[in-house]
Amino acid sequence: MTPPAGATPPAVRVDPVEAGFGHHWWTVRELATADATVRPRDLAARLTALLREGPGPVPLHLGDVNDDEDR
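Residues numbered from 1 in each chain as written. Predicted model: local features only at pLDDT ≥ 70, side-chain atom pairs only at ≥ 80, totals over all residues. Heavy atoms only, no water.

Colleague: Describe the overall build of the protein, naming the residues involved and giving the relevant values.
Modeller: Along the protein, the regular secondary structure elements total three helices and zero strands. When its helices and strands are written in sequence order, the protein yields α-α-α. A total of 71 residues make up the protein; the buried ones form 7% of that total. Only carbon and sulfur atoms are counted for the fraction: they give 58% of the accessible area of the protein, which is about 6,600 Å². (Helix = DSSP H or I, 4+ residues; strand = E, 2+ residues; numbered from the N terminus. Buried < 20%, exposed > 50% of the residue type's maximum accessible area, 1.4 Å probe, protein only. Areas by Shrake-Rupley, 256 points an atom, 1.4 Å probe, with all protein chains shown as cover.)

Structure follows, in structure tokens:
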């Protein structure tokens, strides 16, 4: 889905206090190759599809995770 010509994306506001705790905007490539735990595990593939195809007709449930059991 392509935004209308001349459309300006909304501003992203990052709280400087929260940013001090290591918040980071990840690229798709970073998500795909991260050594860190990323949930859902297939987030990079899902994000790639979303950027290519646009949102689906209904919200997507990304799954339930129990970090004590899912390693």
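Colleague: Describe in detail unusual backbone geometry, supporting the description with residues and values.
Modeller: Between Arg 39 and Pro 40 the backbone carries a cis peptide bond, its omega angle lying at -10°. Inspection of the secondary structure assignment puts Pro 40 in the loop between helix H2 (28-33) and helix H3 (43-53).

Colleague: Before we move on, can you summarise the pattern of salt bridges with the specific residues and values?
Modeller: Scanning the entire structure with this criterion turns up two salt bridges. Arg 46 serves as the salt-bridge partner of Asp 42, at 2.9 Å between the closest nitrogen and oxygen. With a relative accessible area of 30%, Arg 46 lands in the partly exposed category. For Glu 53, the salt bridge is made with Arg 52, and the minimal N-O distance between the two is 2.9 Å. Taking relative accessible area as the criterion, Glu 53 reaches 55% and is therefore assigned exposed. (Salt bridge = Lys/Arg side-chain N within 4 Å of Asp/Glu carboxyl O.)

Colleague: I'd like a description of the layout of surface pockets, backed by residues and values.
Modeller: Computed from the structure, the largest pocket encloses a volume of approximately 320 Å³. Along the walls of the largest pocket sit 14 residues, with Arg 46, Leu 47, Leu 50, Leu 60 and Leu 62 positioned nearest its centre. Sorting elements by how many residues they give to the lining of the largest pocket places H3 first, with six residues. Its residues assigned to classes, the lining of the largest pocket shows 10 nonpolar, two polar and two charged. (1 Å grid on protein atoms, 1.4 Å probe; cavity = no way out; pocket = protein on both sides within 12 Å on 5 of 7 lines; lining within 4 Å. Points joined across faces, edges and corners; volume = space filled by probe spheres on them. Nonpolar A, V, L, I, M, F, W, Y, C, P; charged D, E, K, R; others polar.)

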